[in-house]
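One-letter residues, chain by chain:
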Amino acid sequence: MTGPGEEAIGVALLPDAPADLPGERTVSEAAAAAAGIALVMGYRDGMLSLWRPEGREKPLAVDFGAGRMGYRLAAERARHERLVRAVGKQKGLLVDATAGLGRDAALLARAGWQLILLERQPLLHAMLADALRRDAEMGQRMQPLRVDSLTWLQQRLHSDLPRPEVICLDPMFPERDKSAAIKKDLAWLQQLCGGTSEGEEIALLAAARALAGKRVVVKRPLRAPPLGGVAPSHALPGKTVRFDVYLTSF
Ligand SMILES: C[S@@+](CC[C@H](N)C(=O)[O-])C[C@H]1O[C@@H](n2cnc3c(N)ncnc32)[C@H](O)[C@@H]1O
């Protein structure tokens, strides 16, 4: 079993992976494959990526300009995304406390928000940071921090620093897309991140609601109960996911 923030067994770092990343190292992709290691991390096409050693699948990297993500990110479309509507019209500081691959955060950055991204999984944080170094425009809007959100939210509450207006939470990686490529990405991510316990989810929601100046937005699978069983102020349902909005006012 791996604890929160620790790399899962079965991932090895290639020699070109950043030196400060924790975890097992391997001398080559071939050596990793021979040792039965499930995933390796290194650079592919100039991007810090995760892939199956000697596998044929497309490596997983964070790339804000690529494919479907690039399309969704076109500024015109970003304004209409349900998530963009769920967070509201203010354009101050937004904290994405479960940043993952930064897909939701990127939409919000394009819609004009300034974001702090919290991610505790070191390899995911490293992929995010790598993408933000390559993309100057997004890099100016998003600051990725490798931290546990619960600790960060509680420390911020007891500091003199300004409250974020909005805090977003999306703690689970449920299957939301039937395409084989997305299923593969999800399986790899689930292997890296493990789960979030119900107790953790309840604590995260409570800490976010105590800190957010205007609202907390939680992404849920369409038919799932609200996070921690706490009813939201209102919800924006879509085809497969729902955004639960908790209004706060300080
Ligand atoms: C479902 S993913 C988020 C996906 C993200 N919304 C996106 O658009 O890519 C959940 C992420 O939250 C992270 N996470 C869960 N609990 C956390 C915590 N307490 N602190 C920091 N990160 C956390 C996990 O490591 C995982 O990467």
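These numbers come from a predicted model, not from an experiment.

Calculation criteria
Residues numbered from 1 in each chain as written. Predicted model: local features only at pLDDT ≥ 70, side-chain atom pairs only at ≥ 80, totals over all residues. Core = buried A, V, L, I, M, F, W, Y, C linked by C-beta atoms within 7 Å. Buried ≥ 20, exposed ≤ 12 C-beta atoms within 10 Å, placed from the backbone. Helix = DSSP H or I, 4+ residues; strand = E, 2+ residues; numbered from the N terminus. Contact = placed C-beta atoms within 7 Å. Pairing = 2+ DSSP bridges. Right-handed = clockwise from strand over helix to strand, strands pointing away.

Engineer: So what's going on with the nonpolar core? Residues and values would help.
Structural biologist: A general tendency of soluble globular proteins is for nonpolar side chains to be buried together. Grouped together as the largest cluster of nonpolar side chains are 66 residues, with contacts concentrated most on Leu-108, Ile-167, Leu-169 and Ala-208. Per element, the largest residue contribution to this core is 8 residues, and it comes from helix α6 (residues 122-134). Once residues within four sequence positions are removed from consideration, Ala-208 is found in contact with Ala-97, Leu-153, Ile-167, Leu-169 and Val-216.

Engineer: Run through the pairing of strand β5 (residues 114-119), naming residues and quoting values.
Structural biologist: Among the 6 residues of β5, 5 are classified as buried, and the element is accordingly described as predominantly covered. Both strand β4 (residues 93-96) and β5 contribute to a ladder of 4 bridges, which runs parallel. Residue Val-95 lies in a different strand from β5, and its bridge partner there is Ile-116. The parallel pair β4 and β5, bridged by helix α5 (residues 103-110), forms a crossover whose chirality is right-handed. Relative to strand β6 (residues 142-146), β5 runs parallel, the two sharing 5 bridges. Each bridged residue has a counterpart across the sheet, and for Leu-117 the counterpart in β6 is Pro-144.

Function-wise, these values are silent; they only describe arrangement.
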